[in-house]
Amino acid sequence: MRRSLILDVVVRVVFHSAFLLGLFLLFTGHNRPGGGFVGGLVAGAALALRYVAGGIDEVREALPVRAWTLLGIGLACATGSAIVPLLAGRELLEHFKGEVHLGPMGAAHYNTALVFDIGVAFVVVGMTLMLLVAFGERLPSLGNSWARQETGR
Amino acid sequence: MHAALGLALLAGGRRLGRRSFLVAALSPAAALAWAVAHAGGIVDGDVIHASQTWVPALHLSLDLRIDGFSLLLVLLVTGIGLLVQLYASQYFAAGRAGLHRLAGLLLVFTAAMLGVVTAANLLALYVAWELTSVTSYLLIGWTDEDPKARASALQALLTTGAGGLAMLGGFVLIGQSAGTYDLAALAARPPTGTTVSVGLVLVLVGAFTKSAQFPFSAWLPGAMVAPTPVSAFLHSATMVKAGVYLIARLAPVFADQGIWRPLVLSVGLVTMLTGGWRALRQHDLKRILAFGTVSQLGFLVVLFGVGTPEATEAGVVLLLAHALFKACLFLVVGVIDHQAHTRDIRALGRYGPGWLGPKVVAVAAGASMAGIPLLFGFVAKESAYDAFAHGGVTGSGVVLAGLVAGSVLTFAYTGRLLLGAFVPTRPGSAPASGAVAPIEPPPAPALAFWAPAALLGTLTLVLGLVPGLASGLVSSAADSLDPGVHPVHLALWHGVGRPLVLSGLTLALGALLVAGRVAVARVQSRVPHPVDGDAAYLGLVRGLNRVADRVTGFVQPGSLPVYTGVILLTAVVVPGFALLRSPFPDLPPLATGPGDWAAAGLLIVGGVAATVVRERMAAVLCLGAVGYGMALVFVLQGAPDLALTQVCIDTLGAVVFVLVLRHLPKRFNERPTVIGRTARLVISALVGVFVFVFIVVAVGVRVEPPVSTAFIDRALTEGGGRNVVNVVIVDIRGFDTMGEITVLAVAAIGVYSLARLSRREGRELRSFAPLRGPSSKPQDQR
């Protein structure tokens, strides 16, 4: 397997920051630019970077979860946050917001819409992972893919 | 109540097996007891009402109403239903699979049929009517491993279903012009007009299909593949009477309107004659009975369809008589079939000891059908002749002649049935008998097996001897149909008059036909048989299949460019017409600064380049450039959210594109023809111009304040967030988002399975790949 050293190193450095950026966008989304969708996309792009550097095995190593699981969790989060208020006698998708006091750390706002947003992000990441697995398996890097695909399976 | 028990049997009756029929018999028994208990009151003129709201928003309710005529049919349905269930528990071998299904379906059918005859409003009647069609389909196709049974069941369903649809149309026409769907209200104030006439014809079509009248009669003989208890119950005594019932209900009110009377009379007569004629050709006992039923139904349609009080009364009598003798005959035929394992009249004829009972019963019922005196069928036929003998309706002479001819045929096929079943065939007596060898005498049936038939036969005889017993029932039934009916007193002996002469003529001619049946068979084999509904049905179904095939082939050519072209053109043409009619507003400022120009330049260059490069990878990169150009526009317009999303999608999209492209040839190898190129150019240009004009117009014609201002206000107070876009996504329009992520997940799974599938099939991926555009999906989302 032919791998580019520079790409490898750069990706290692960037991956975690990119993933964190995705998380940040997800959590900040309610008040500033961002949100579950963009957050998920950025995290997915980070995964794609890993793929470009090291193929599908490296993606698996970075995120050792199956794509199905992510899709399922995401849908469950979103649907759950929609249905729970219904069970509680409120309207579908009604979100609750409030503050928790954390003693010396101050107070934190919370909003159950975040659960929904997390669900969205999970679905997007799951979809990216699924595409990578679907089309990228067994072809370690992009450099020589044109030649390899002719061998068939 | 029936339906509930029937469904319960369907669900859980597997273990009961043959005993499920006995359980099922409880329900009609209870209903019968109830009906008998109330019979006295109803005969005296009471009407029982029950109402249950169903769809209040549409003012639909399930109104039930039992008057004299309904009572007669309720008694028939529950009584024969009870007997048939008892009979079926003997008819089937104990270990046969699916018996609980049959018993349950019979019960559901009973419920539906009761619904038809007690419904007080047209729509409730329609629902019950269709239910009988569906259960009939399931019952005919009960032996589901037999392709013939399935085909016959389908034919019955398609014919009666099509008729049912026509009928619904008719109901709506009538109901809307009358302003009510209530039967009693319709009878009180019948609407008139062309609409109503058209509606009536449609309703008649429905009734004709259900009661197997002339052009639609082919399904009934086919339905004889069903087990004999089913045939006896549905296809002779009850379901096929539904059409007659409807005609009987409507005739006194509507008979004078439009082409009702000529239509009903001619159809009924033709059915009666062709049915009788074709019954004479059959060798299968059940098929003789089936064509006989068709013929008798024609008779009933004529009687009820005229709408005069006398004919209606005669119809009621015949209805009762026919249900009794035909069900009885079917049950006896079932006994023969069960014991002898054949129904071919060329093979049957020799019986051992112990068959005397069934023989007597069959002869009694047959004699009733043929109209021989001392039996109830004779009384019915007398009153029918009587109704037309006095004239009163134009063409009653022709009708009377037709009825006599039909009755002669009835006598003839009854003779064929009884002689065929019980008299051994002499060698060489029938031209076609050579192929079938006579069978050994079958074992005698158990008494409990033919007891139901015997009961019906006895009723026929008793009512024939003392017709006065049925007078009350008949007159209350006829009276509820048409208040003009005088109280009837059925009697065996009406005195010498025209009806008696006609009856004598019928018997004489019929006896002649029976005696000369060899000659009749010879004539029949020469004459081509009349127009065959079967052929029409088959031709229609085949034609429909062929048209569907062509249409599918035309609209689904399997070519991606064609699909895309059609979709885009539709998107352009439909709103495009609306656009052409709206005023074109002033152009808004196109660009406000150097940044805009730069972004526009990037977009244009990228777009044009994507269309002209011949390498796939290059085209993808050009598209990516377009995407980044869009992101730049978003940034300049102050929409960081959109810009961020756009950049991410384009980045990821490029990666996925690359993944897919590895499986495709490097270059676009397809070189479209000149026409193809031109078409593509034209479509692209149209789409481009359309989108531009659309946006300009849409921006220019805004009259209401945009919803986004309200969203901005509500975002913080209700959604609790300052990022309006995100609050819209997760809160205000959260339900949309939920649908979208579901679609996203489904699409991902679909793409994944497609990729997996084609990889398993090796190189075939190539043919699938162009269909996938995974990278475009996120863009659809936002």
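About the cut-offs
Residues numbered from 1 in each chain as written. Chains lettered and ligands numbered in written order. Predicted model: local features only at pLDDT ≥ 70, side-chain atom pairs only at ≥ 80, totals over all residues. Helix = DSSP H or I, 4+ residues; strand = E, 2+ residues; numbered from the N terminus. Buried ≥ 20, exposed ≤ 12 C-beta atoms within 10 Å, placed from the backbone. Contact = placed C-beta atoms within 7 Å. Axes fitted to C-alpha atoms, helices over the stretch in contact; angles between N-to-C directions. Parallel < 35°, antiparallel > 145°, perpendicular 65-115°, else oblique. Left-handed = near helix turned anticlockwise from the far one by under 90°. Expected span 1.5 Å × (residues − 1). Nonpolar A, V, L, I, M, F, W, Y, C, P; charged D, E, K, R; others polar. Core = buried A, V, L, I, M, F, W, Y, C linked by C-beta atoms within 7 Å. pLDDT = per-residue confidence, 0-100.

Regarding the overall build of chain A
Piece 1. Scanning chain A for helices and strands turns up 5 helices and 2 strands.
Piece 2. Listing the helices and strands of chain A from first to last along the sequence gives α-α-α-β-β-α-α.
Piece 3. Buried residues in chain A amount to 43% of all 153 residues.
Piece 4. Relative to all contacts within chain A whose residues are 6 or more apart in sequence, the contacts with residues 24 or more apart total 65%.

Quick notes on the overall build of chain B
Piece 1. Of regular secondary structure, chain B possesses 32 helices and 2 strands.
Piece 2. In chain B, buried positions account for 46% of the 782 residues.
Piece 3. Residue pairs at least 24 apart in sequence account for 77% of intrachain contacts in chain B once pairs closer than 6 positions are excluded.

Remarks on the packing of helix α12 (residues 260–279) of chain B against helix α17 (residues 396–422) of chain B
Residues and elements named next belong to chain B.
Piece 1. Two numbers describe how α12 lies on α17: the axes approach to 9 Å, and their chain directions differ by 25 degrees. Classed by the angle they form, the pair α12 and α17 counts as roughly parallel. Crossing angle aside, the handedness with which α12 passes α17 is left-handed. Contacts between α12 and α17 involve L265, L269, M272, L273, G276, W277 and A279 from the former and V399, G402, A405, G406, L409, T410 and Y413 from the latter.

Considerations on α12 of chain B
Piece 1. Taking 1.5 Å per residue as the helical rise, α12 of chain B with its 20 residues ought to reach 28 Å, and the 28 Å between its terminal C-alpha atoms agrees with that figure.
Piece 2. The element α12 of chain B is largely enclosed, with a buried count of 16 among its 20 residues.

Comments concerning the packing of helix α10 (residues 228–237) of chain B against helix α14 (residues 309–340) of chain B
All names here are of chain B.
Piece 1. It is at 9 Å that the axes of α10 and α14 come closest, and there the two elements cross at 160 degrees. Relative to α14, α10 is oriented roughly antiparallel. Of the two elements, α10 crosses α14, and the hand of that crossing is right-handed. Across the interface between the two elements, T228, P229, S231, A232, S236 and A237 of α10 pack against A323, K326, A327, F330, L331, V333, G334 and D337 of α14.
Piece 2. Taken together, the residues of the contact of α10 with α14 sort by class into 8 nonpolar, 4 polar and 2 charged.

What to know about the nonpolar core
Piece 1. Membership of the largest hydrophobic core comes to 180 residues, with the highest contact counts inside it found for L303, C328 and V332 of chain B.
Piece 2. Element by element, the count of residues in this core is highest for α14 of chain B, at 21 residues.
Piece 3. Those residues in contact with L303 of chain B that lie beyond four places of it in its chain are A311, A314, G315, L318, A384 and A387 of chain B.
Piece 4. Within the second largest apolar cluster, 76 residues are counted, among which are V42, Y51 and V120 of chain A together with C648 of chain B.

Considerations on the confidence of the model for chain B
Residues and elements named next belong to chain B.
Piece 1. With 78% of its residues at a pLDDT of at least 70, chain B reaches an overall mean of 75.
Piece 2. Predicted confidence is poor over residues 427–435, with pLDDT under 50, and the contacts of this stretch with residues over four places away or in other chains come to 9 contacts.
Piece 3. Overall fold confidence for the complex sits at a pTM of 0.65, while the interface term, ipTM, reaches 0.77.

A look at unusual backbone geometry
Piece 1. Phi at A212 of chain B is positive, roughly 55 degrees, even though this residue is not glycine.
Piece 2. Residue placement: A212 of chain B occurs in the loop between α8 (194–210) and α9 (219–222).

Description of the environment of V14 of chain A
Residue and element names in this part refer to chain A.
Piece 1. Structurally, the position occupied by V14 is in helix α1 (residues 5–28).
Piece 2. For V14, a count of 15 C-beta atoms within 10 Å corresponds to the partly exposed category.
Piece 3. For the pair V14 and A46, spaced 32 residues apart in sequence, the C-alpha to C-alpha distance is 7.9 Å.

Considering the environment of A643 of chain B
Piece 1. Turning to its location among the elements, A643 of chain B is positioned in helix α26 (residues 640–661).
Piece 2. In contact with A643 of chain B, not counting residues within four places along its chain, are A631, F634 and V635 of chain B.

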